[in-house]
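Observations on chain architecture
If you want the building blocks of each chain, they are given just below.
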Amino acid sequence: MREFQNSKLSATKRHFELYGDGHALSDINPVRAGLTTIAESSSVPWYRELAKRLLKDEDFAPALEITSKFPDNRSGEYSSRYHEIRMLPSLKGNEQLLLHEAMHARTSAAINWFLNYKRGVTDALSDAKHFQHLKAPLERLLKLYESLEKRAYIGTSSQIPLRDLQKSYGLTNLHEFIAEGFTNPAFQAKLTQLKLPR
C-alpha cells in the first residue's frame, strides 16, 4: 500500500491516541473501534457508510499491529495468515488507510477462494459451499479489472484517462482493485472518466 498524499488525521487518530499502539487495553477490538469512530464522525460521507457496512458483521475483528517494520515503502498491509492489519505509527489515524486494509481483511478470503476456484485448485472446490454466493459478483469484478488493466496498457498516450490509470495502485491485482475502488477517491475519479465495459 502506498503512502497517501494529503492524508488527513481525524477522529480516528483521537481514538488511537486513547487506545494506544493497537494492543487494546480493554476488550474493544482496535480495528472495530477505529471503524466505529469513522462511522460516527468522518467528514467523508462514503467513509462513514463503508465503516458502517464493515461493522454490520459482528464477527469482523481483525487484529491491529502498529509497526515500522515494513520491507519497502508501504504504509500498511493486511496479513491474511494472521488476520491482522499492520500500519505505520505515524498513520494510526488515517481513515483511508484503515478502511483500505479493512477492505482487504473483509474480502481477501473470498477473492483468494475465487481465484483458486477458477484455477481448479482442489481445496477451493471443496470450499465452494461457503463462497458460492459470491462467485457471480467476483466474476464480474474480475472481468472489469481485466478489461481496465488491458485497456490501460494498450491505450495510446493521447488517451489521458487510460495513461493515468496505468500508474494506479488499483491495477496491481484484483485485491487492490477492490480495496482501492472502495477507499481511494483519486482512483474512483479515474474510473469515472472511462467508459466501463458491460
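Scroll up to find the structure this text is about.
So, how was this worked out
Residues numbered from 1 in each chain as written. Predicted model: local features only at pLDDT ≥ 70, side-chain atom pairs only at ≥ 80, totals over all residues. Heavy atoms only, no water. Buried < 20%, exposed > 50% of the residue type's maximum accessible area, 1.4 Å probe, protein only. Helix = DSSP H or I, 4+ residues; strand = E, 2+ residues; numbered from the N terminus. Pairing = 2+ DSSP bridges. Axes fitted to C-alpha atoms, helices over the stretch in contact; angles between N-to-C directions. Left-handed = near helix turned anticlockwise from the far one by under 90°. Contact = heavy atoms within 4.5 Å. Nonpolar A, V, L, I, M, F, W, Y, C, P; charged D, E, K, R; others polar. Salt bridge = Lys/Arg side-chain N within 4 Å of Asp/Glu carboxyl O.

To continue, consider the pairing of strand 1 (residues 63-66). Here strand 1 shows a buried face lined by Leu 64 and Ile 66 and an unburied face lined by Ala 63 and Glu 65. Across 4 bridges, the pairing between strand 1 and strand 3 (residues 84-87) is parallel. Its bridge partner being in strand 3, Leu 64 is matched across the sheet by Ile 85.

Glancing now at the packing of helix 3 (residues 45-55) against helix 4 (residues 95-119). At their nearest, the axes of helix 3 and helix 4 sit 11 Å apart, and the two run at 35° to each other. When you trace helix 3 past helix 4, the crossing you get is left-handed. Where helix 3 approaches helix 4, its residues Tyr 47, Leu 50, Ala 51 and Leu 54 are matched on the opposing element by Glu 95, Gln 96, Leu 99, Ala 102, Met 103 and Arg 106. For the contact of helix 3 with helix 4, the class distribution of residues is 7 nonpolar, 1 polar and 2 charged.

This brings us to the sheet that holds strand 3. If you walk across this open sheet you meet the 3 strands as 1-3-2, and the pairing is mixed. Both edges of this open sheet fall to strand 1 and strand 2 (76-79), since each of them pairs with a single strand only. On average, each strand axis in the sheet is inclined to that of its neighbour by 20°, with strand direction left out of account. The pairing of strand 2 with strand 3 spans 4 bridges and is antiparallel. Following the sheet pairing, Gly 76 is matched in strand 3 by Met 87. Contacting strand 2 and strand 3, helix 4 crosses the sheet at an angle of about 15° to strand 2.

Turning to the pattern of salt bridges, a few remarks are in order. Under the counting rule described, the total for this entry stands at 8 salt bridges. In this structure, Arg 106 and Asp 57 form a salt bridge, with 3.2 Å as the shortest nitrogen-oxygen distance. With Arg 106 in helix 4 and Asp 57 in the loop between helix 3 and strand 1, this pair connects stretches of sequence that are 49 residues apart. Judged by relative accessible area, Arg 106 falls into the partly exposed class, the value being 41%. Its salt-bridge partner being Glu 77, residue Arg 86 comes within 2.8 Å of it at the nearest N-O pair. Glu 77 gets classed as buried once you look at its relative accessible area, which sits at 17%.

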